[in-house]
Amino acid sequence: MATIHWIDDDAGYEGWLSAHPHGFMANLNKPPGGLYFRIHRATHALPDRSKPNSVNPRTGHGYSKLTAETVAELIAWAKLNLPTLKEFGEPNYCKTCSPRG
């Protein structure tokens, strides 16, 4: 399974979450980059903090989502696609849903 980067597509993203309850996702800044990258379990119901009454509140505006079946896939994608993270040592994991296992 490959990673999918969801930008301005809440319907697709939410469909993926429903179909992959044992998968993982990461919140990140929209391209062209940024430093924010936090890994969660697909089942973690994240509150929308951007503009909840807008179109694509979860994958629109300043943030996007990255999904994959494994945490390792998310990390590999980040190492290749987020050069602003410079040294991607220990990933930023959600403390609430504990995606490390």
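You'll find the structure just up there.
Residues numbered from 1 in each chain as written. Predicted model: local features only at pLDDT ≥ 70, side-chain atom pairs only at ≥ 80, totals over all residues. Heavy atoms only, no water.

### Structural notes on the pattern of salt bridges
Should their charged atoms come close, side chains of opposite charge can pair.
Alright, step 1. As enumerated under the stated definition, the model contains two salt bridges in all.
Alright, step 2. K30 serves as the salt-bridge partner of D8, at 2.9 Å between the closest nitrogen and oxygen. Of this pair, D8 sits in the loop between strand 1 (4–6) and helix 1 (10–19) while K30 sits in the loop between strand 2 (24–29) and strand 3 (37–41), and the two are 22 residues apart along the sequence.
Alright, step 3. Assessed through its relative accessible area of 42%, D8 is described here as partly exposed.
Alright, step 4. When the shortest N-O distance is used, the salt bridge between E14 and R58 registers 3.4 Å. Of the two residues, E14 is situated in helix 1 and R58 in the loop between strand 3 and strand 4 (63–68); the sequence distance between them amounts to 44 residues.
Alright, step 5. Here R58 falls in the buried class, since its relative accessible area comes to 19%. (Salt bridge = Lys/Arg side-chain N within 4 Å of Asp/Glu carboxyl O. Helix = DSSP H or I, 4+ residues; strand = E, 2+ residues; numbered from the N terminus. Buried < 20%, exposed > 50% of the residue type's maximum accessible area, 1.4 Å probe, protein only.)

### Concerning the pairing of strand 3
Alright, step 1. Direction of pairing for strand 2 relative to strand 3: antiparallel, over a ladder of five bridges. Across the sheet, residue N27 finds its bridge partner in strand 3, namely R38.
Alright, step 2. The sheet contact formed by strand 3 and strand 5 (residues 92–93) spans two bridges and is parallel. Looking across to strand 5, one finds that I39 is bridged to Y93. (Pairing = 2+ DSSP bridges.)

### Some thoughts on unusual backbone geometry
Alright, step 1. Despite not being glycine, D8 shows a phi value in the positive range, around 55°.
Alright, step 2. Even without a glycine there, the phi angle at S98 is positive, about 45°.
Alright, step 3. In this fold, S98 is placed in the segment after strand 5.
Alright, step 4. On the accessibility criterion, S98 (40% relative accessible area) is partly exposed.

### Considering the sheet that holds strand 5
Alright, step 1. Across the sheet, which stays open at both edges, the five strands sit in the order 1-4-2-3-5 with mixed pairing between neighbours. Two strands in the sheet have a free side with no partner beyond their single neighbour: strand 1 and strand 5.
Alright, step 2. Bridge count for strand 1 against strand 4 is three bridges, and the pairing is antiparallel. Following the sheet pairing, I4 is matched in strand 4 by T67.

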